[in-house]
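Chain by chain, the residues:
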There are 2 protein chains.
Amino acid sequence: MATSFAFLWFSFFTLLSSTVSIAKITPGFPSSIIRPEKLSHTTKNQLYKQKYFTQILDHFNFNPQSYQTFQQRYLINDTFWGGAHKNAPIFVYMGNEGDVEWFTQNTGFMFETAPHFKALLIFIEHRFYGKSIPFGGNKDVAYSNSSTHGYLSSTQALADYATLIIDLKKNLSATDSPVVVFGGSYGGMLAAWFRLKYPHITIGALASSSPILHFENITSPYIFNSIITKNFRSESENCYKVIKGSWQQIEDKANQPGGLETLRKSFRICKNYISASSLESWLYTAYTYTAMTDYPTPSNFLSPLPAYPVKQMCKAIDNPTTGNDTFAKLYGVANIYYNYSGSATCFDLRR
Amino acid sequence: MATSFAFLWFSFFTLLSSTVSIAKITPGFPSSIIRPEKLSHTTKNQLYKQKYFTQILDHFNFNPQSYQTFQQRYLINDTFWGGAHKNAPIFVYMGNEGDVEWFTQNTGFMFETAPHFKALLIFIEHRFYGKSIPFGGNKDVAYSNSSTHGYLSSTQALADYATLIIDLKKNLSATDSPVVVFGGSYGGMLAAWFRLKYPHITIGALASSSPILHFENITSPYIFNSIITKNFRSESENCYKVIKGSWQQIEDKANQPGGLETLRKSFRICKNYISASSLESWLYTAYTYTAMTDYPTPSNFLSPLPAYPVKQMCKAIDNPTTGNDTFAKLYGVANIYYNYSGSATCFDLRR
């Protein structure tokens, strides 16, 4: 199996196919998948307590608006903690661009390691996400224009974390407890930057699956697709070749009279909408998000998936019963990402 | 001679006398002394060229006002520079809270060391000072209220320096030239913080006479006065004792009928204003600013002074011809700081 590879901060990436250009296909961050109502509230009550911290809106200016505050949510678990009197460590998760409960419920590593270190666990929600919305908690106001939305920046988020950690340690009389920060994907970038910018607050950072060097003139803009391609190719050369050739086949078919109807039937697309580019985008999302969550166990992070889902996708492609029918092979792929539960009767490309 | 000791960022200090309380006396930063018209323009033309950089008003937000820019002044001297092709270093002075020309003309160290390292010299002016005034360069507008003045912060100033240095290196094709930052007093704090916060931009920082640990719960609030006291005491025990006892003598005299007139005559105060506290403040300023600029050569930084001015003040106090006349002794002290040129016929306490 290829190295597990997951990052979510798509805004960084110019997405280009390794074969025909699908540069027009730019999957957004799957925020629509993060639905608070989907969060496991049963698990939640055992995993953490929910708290709020009165946070400064602007850490770097002294303008009148800067004096405003907002309620920042954080989650806390002290069941493993050795306590302040023993200077037991504090593990802090740097919240990503989403509801912090979603990340917390998918961050097994901190819960698994906490007992060994007798660590206190803190998960801080990123400003402008989940329940940590400035301007009165009203998302419509906070996101309305740049005069409010302009306070959403990674620098401000890092300062939030610094402020909250310092205050929390004081309140717990744990000023001598070492702090280690953790993060994945964009949150991993925050963790790494936090260690650089606030070395007096944290003794170490773990940045998991984090594109910390993915900046112009440092890393190739094609690296994201290259790694995804490598993931599939590492499963089988045929898997890679079928996917690579499929983009042209889809476009050729779409350009034939009645071709879009054939594609609709091949992929069981609901009767609302189809085009070559939307179909390609839909498949591209399935490949990339599956590679991003190519975990060795069944999981439900971006979507419900079996263990080793990339391997499963390549099995569908390499399946001898589908012969040379590329569309039948890709339909099998799509079913793994979009229909692991088996309940879908047709697919909506605009989902 | 006591260790030379100079820092200017008075806003940090709770100033308390080591004897009777003169906490009410809080000498301000001597900005009134920094008059651009007093700057040596003859020297200037040999020392540096003056340039401007279009700087971002707000480095940390994306609010509409943040897109504004201002003209930031910097001074440059390339006469010693080994050049970009040799990766010769760049020495950058982190401008303090004043006209950058004033600091540049008093920063001999960088000019003295530059030839040895073949260094390029850059002196950057701090935002809101000198000619680097945001909001159209209009000081009245920039300082009018917190909606404009709120952009004056050390964090923003550090980001200014980072932005300017990166851009300058690119323009000089000197991206591989190592950068060392320098600063004195508050500017030294900026230099130290710059090394911490922008380790990818500078390989080292020299913070001279810089109160980098002068924060609540780290350093005693009495440290400033303790060091000043130590300076004078290291010259002579009698010098220290006379000054220590003088505050009570001034207040006792001021409370006697006609006492203020006696004090006025003793200190040759002009006929506009006198009070015990204003006289104490005036003397306190003389002691502290002299200790802050206790250089081994005649100088003219805050005021024209002889070499080793603290030693000169203690000589005036220990002078046997003044016998037990404390006021005559202190008048001698005041003359060293306020009248080194010898041209004053009387003193204005509100200067």
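Up top is the structure these notes are about.
What this report covers is the structure whose coordinates are included nearby. These numbers were taken from a predicted model, which means no experiment stands behind them.

## What to know about the pairing of strand S4 (residues 120-124) of chain B
All names here are of chain B. With 5 of 5 residues buried, S4 lies mostly within the body of the structure. In terms of strand pairing, strand S3 (residues 90-94) meets S4 through 5 bridges, oriented parallel. The residue of S4 that forms the bridge with Val-92 is Ile-122.

## Here's the deal with the packing of aromatic side chains
Residues and elements named next belong to chain A. This structure, assessed with the given rule, holds 47 aromatic pairs over all chains. With a centroid separation of 5.9 Å and 90° between ring planes, the pair formed by Phe-128 and Tyr-143 is classed as edge-to-face. Here the residue Phe-128 occupies a position in the loop between strand S4 (120-124) and helix H4 (139-142), and Tyr-143 occupies one in the loop between H4 and helix H5 (146-149), the gap between them amounting to 15 residues. Seen from their ring centres, Trp-247 and Tyr-287 are 6.0 Å apart, and the 80° between their planes marks the pair as edge-to-face.

## Here we look at the relation of the copies chain B and chain A
Here chain B sits on chain A after a turn of 179° about the axis and a move of 0.0 Å along it, with an RMSD of 0.1 Å. In symmetry terms, the pair is related by a two-fold rotation axis. In terms of C-alpha distance to the rotation axis, chain B has Lys197(B) as its closest residue, with the C-alpha 2.7 Å off the axis. An overlap of 100% is found between the interface residues of chain B and their copies at the interface of chain A, pointing to a shared contact surface.

## Observations regarding the sheet that holds strand S6 (residues 204-208) of chain A
Residue and element names in this part refer to chain A. Taking strand neighbours across the sheet as the criterion, the 6 strands line up as S1-S2-S4-S3-S5-S6 in an open arrangement whose pairing is mixed. With one partner strand each, in any of the chains shown, strand S1 (49-56) and S6 form the two edges of the open sheet. Averaged over all neighbouring strand pairs, the angle between strand axes comes to 25°, with direction disregarded. Contacts from helix H6 (residues 154-171) reach S1, strand S2 (69-77), strand S3 (90-94), S4 and strand S5 (179-184), with the element oriented near 115° to S1.

## Notes on the environment of Ser177(B)
Residue and element names in this part refer to chain B. Assignment of secondary structure puts Ser-177 in the loop between helix H6 (154-171) and strand S5 (179-184). Look at Ser-177 and you get buried, because its relative accessible area is 1%. In this structure, the C-alpha to C-alpha distance between Ser-177 and Asp-325, residues 148 residues apart in sequence, is 61 Å. The contacts of Ser-177, once residues within four sequence positions are left out, are Trp-81, Ala-84, Asn-87, Ala-88, Ile-90 and Lys-169.

## Observations regarding the sheet that holds S3(B)
All names here are of chain B. Pairing is mixed in the open sheet, where 6 strands are placed in the order S1-S2-S4-S3-S5-S6. Pairing within the sheet leaves two strands with one partner each, and these edge strands are strand S1 (49-56) and strand S6 (204-208). Ignoring which end each strand starts from, the neighbouring axes of this sheet average 25° apart. In this sheet, strand S2 (residues 69-77) lies alongside S1 in antiparallel orientation, the contact comprising 8 bridges. Bridge pairing links Thr-54 to Gln-71 in S2. Running over the sheet, H6 touches S1, S2, S3, S4 and S5 and is turned about 115° from S1.

## What to know about the interface of chain B and chain A
Contact residues are listed per partner, giving 19 residues for chain B and 19 residues for chain A. Taken together, the connections running from chain B to chain A amount to 0 salt bridges. Among the elements of the structure, helix H5 (146-149), H6 and helix H7 (186-197) of chain B are those that each provide at least two residues to the side of chain B that touches chain A. Here the residues of the side of chain B that touches chain A sort into 8 nonpolar, 9 polar and 2 charged.

## Observations regarding the pattern of salt bridges
Residue and element names in this part refer to chain A. Counted according to the given criterion, the structure contains 14 salt bridges over all chains. Taking the shortest distance from any N to any O, the salt bridge between Arg-73 and Asp-99 comes out at 3.2 Å. Of this pair, Arg-73 sits in strand S2 while Asp-99 is found in the loop between S3 and helix H2 (100-104), placing the two residues 26 residues apart along the sequence. We classify Arg-73 as buried; its relative accessible area is 0%. In this structure, the salt-bridge partner of Glu-261 is Arg-264, at a minimum N-O distance of 3.0 Å.

## Overview of the side chain of Asn96(B)
All names here are of chain B. Along the chain, Asn-96 falls in the loop between S3 and helix H2 (100-104). Here the side chain of Asn-96 touches Gly-184 through a polar contact of 2.8 Å, landing on its backbone oxygen. If we skip the residues at most four places from it in the chain, Asn-96 touches Phe-103, His-126, Tyr-129, Gly-184, Ser-185, Tyr-186 and Gly-187.

## So, unusual backbone geometry
Generally, phi is negative for residues other than glycine and the peptide bonds are trans, each holding for most cases. The phi torsion at Ser209(A) lies on the positive side, around 45°, for a residue other than glycine. Tracing the backbone through its elements, the reader meets Ser209(A) in the loop between S6 and helix H8 (223-235).

## Considering the environment of Ser146(A)
Tracing the chain through its elements places Ser146(A) in helix H5. For Ser146(A), a relative accessible area of 28% gives the class partly exposed. Sequence separation between Ser146(A) and Lys230(A) is 84 residues, and the spatial gap between their C-alpha atoms is 39 Å. Not counting residues within four places of it along the chain, the set of residues in contact with Ser146(A) comprises Phe62(B), Asn63(B), Pro64(B) and Tyr67(B).

## Brief notes about the state of the cysteines
Covalent bonding between the sulfur atoms of two cysteines is what defines a disulfide. Residue and element names in this part refer to chain B. Per the counting criterion, the structure on display carries 4 disulfides over all chains. Note that Cys-239 is cross-linked by a disulfide to Cys-314, the S-S spacing being 2.0 Å. What sets the handedness of the Cys-239 and Cys-314 disulfide is the S-S torsion sign, and at about -70° it is left-handed. Of this pair, Cys-239 sits in helix H9 (residues 237-255) while Cys-314 sits in helix H12 (residues 309-318); the two residues are 75 residues apart in sequence, bridging distant segments of the chain.

Quick notes on the rules
Residues numbered from 1 in each chain as written. Chains lettered and ligands numbered in written order. Predicted model: local features only at pLDDT ≥ 70, side-chain atom pairs only at ≥ 80, totals over all residues. Heavy atoms only, no water. Buried < 20%, exposed > 50% of the residue type's maximum accessible area, 1.4 Å probe, protein only. Helix = DSSP H or I, 4+ residues; strand = E, 2+ residues; numbered from the N terminus. Pairing = 2+ DSSP bridges. Phe/Tyr/Trp six-rings, centres within 6.5 Å; stacked < 30°, edge-to-face > 60°. Least-squares fit on C-alpha atoms with pLDDT ≥ 70 in both. Contact = heavy atoms within 4.5 Å. Axes fitted to C-alpha atoms, helices over the stretch in contact; angles between N-to-C directions. Salt bridge = Lys/Arg side-chain N within 4 Å of Asp/Glu carboxyl O. Nonpolar A, V, L, I, M, F, W, Y, C, P; charged D, E, K, R; others polar. Polar contact = N/O pair within 3.5 Å; in protein donor to acceptor, adjacent residues only side chain to side chain. Disulfide = S-S within 2.5 Å.

Keep in mind that these numbers describe shape and distance, not what the molecule does.
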